[in-house]
Amino acid sequence: SFFEIYGGKLFDLLSDRKPLVKREDGNNKVQIRGLTEHKILSAADLMAAIAVGHDARSTASTEANLDSSRSHAILQVNLRTHKGEGEVQ
């Protein structure tokens, strides 16, 4: 998952900047509703996903930088190992 916080709003960087909604659950844990997860099978796949998300970020010119990011981006990586056939740990 890769999302951006821009102007107080959240956007999914791997799904055409689809707007997202943040919610706090009963355990005071923040959940991002609508955020997509993508299966990554190699380091090259991960780098490609990061490039896609990076290219989707909001940018604008500033006095110091012609292509400055105007947002915060959060990349979330969940690692899962497989034990045997069909078993996920």
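For the structure itself, consult the block above.
To keep things clear, this report deals only with the structure shown in the data block. Keep in mind that what you see is a predicted model, and the values were worked out from it rather than measured.

## Some thoughts on the pattern of salt bridges
Opposite charge on two side chains makes pairing possible when the charged atoms of those side chains draw close.
At step 1: In this structure the tally under the stated criterion is two salt bridges.
At step 2: In this structure, Glu4 and Arg17 form a salt bridge, with 2.1 Å as the shortest nitrogen-oxygen distance. A residue pair is termed long-range when its members are at least 10 positions apart, and Glu4 in strand E1 (residues 2-6) and Arg17 in the loop between strand E2 (9-12) and strand E3 (18-24) qualify at 13 residues.
At step 3: With its nearest N and O atoms 4.0 Å apart, the salt bridge here joins Glu37 to Arg80. One end of the pair, Glu37, is in the loop between strand E4 (30-33) and helix H1 (43-56); the other, Arg80, is in the segment after strand E7 (72-75), and 43 residues separate them in sequence.
At step 4: Overall, Glu37 belongs to the exposed group, its relative accessible area being 52%.
At step 5: Judged by its relative accessible area of 52%, Arg80 is exposed.

## Some details on unusual backbone geometry
At step 1: The backbone of Arg17 sits at a positive phi, close to 60°, despite the residue not being glycine.
At step 2: For Arg17, a relative accessible area of 25% corresponds to the partly exposed category.

## Points about the layout of surface pockets
A probe matching the size of a water molecule, rolled over the atoms, marks out where space remains unfilled.
At step 1: Here the largest pocket defines a volume of roughly 530 Å³.
At step 2: Lining the largest pocket are 17 residues; nearest its centre among them are His38, Lys39, Ile40, Asn78 and Arg80.
At step 3: Looking at the lining of the largest pocket, its residues break down into eight nonpolar, six polar and three charged.

## Side note on the sheet that holds E2
At step 1: What the five strands build is an open sheet, ordered E4-E3-E2-E1-E7; its pairing is antiparallel. Among the strands making up the open sheet, the edge pair consists of E4 and E7. Adjacent strand axes in the sheet meet at a mean angle of 35°, parallel and antiparallel pairs treated alike.
At step 2: Pairing geometry for E3 and E4, over four bridges, is antiparallel. Bridge pairing in E4 links Val21 to Arg33.

What counts and what doesn't
Every chain is numbered on its own, with residues counted from 1 as its sequence reads. Side-chain atom pairs in this predicted model are given and counted only at pLDDT of 80 or more, local residue features only at pLDDT of at least 70, and totals for whole chains, interfaces and linings cover all residues. With hydrogens and water stripped out, all remaining heavy atoms of the structure feed into the side-chain values. Salt bridges, as used here, are contacts in which a Lys or Arg side-chain nitrogen is within 4 Å of a carboxyl oxygen on Asp or Glu. A run of DSSP states H or I qualifies as a helix once it reaches four residues; a run of E qualifies as a strand once it reaches two. Both are numbered from the N-terminal end. Note on classification: 1.4 Å probe, protein chains only; a residue is buried when its accessible area is under 20% of the maximum for its type, exposed when over 50%, partly exposed between these limits. With a 1 Å grid laid over protein atoms only, a set of points is called a cavity when a 1.4 Å probe fits there but cannot get out and a pocket when it is open yet has protein on both sides within 12 Å along at least five of seven lines; lining residues have an atom within 4 Å of a point. Grid points are joined across faces, edges and corners, and a volume is the space filled by probe spheres set on the points. Under the convention adopted here, Pro, Cys and the residues Ala, Val, Leu, Ile, Met, Phe, Trp and Tyr are nonpolar, Asp, Glu, Lys and Arg are charged, and Gly plus all remaining residues are polar. We treat two strands as partners when DSSP finds at least two bridges between them. Lines are fitted to the C-alpha atoms to define the axes, a helix being fitted only along its stretch in contact, and any angle between axes, read from their N-to-C directions, falls within 0 to 180 degrees.

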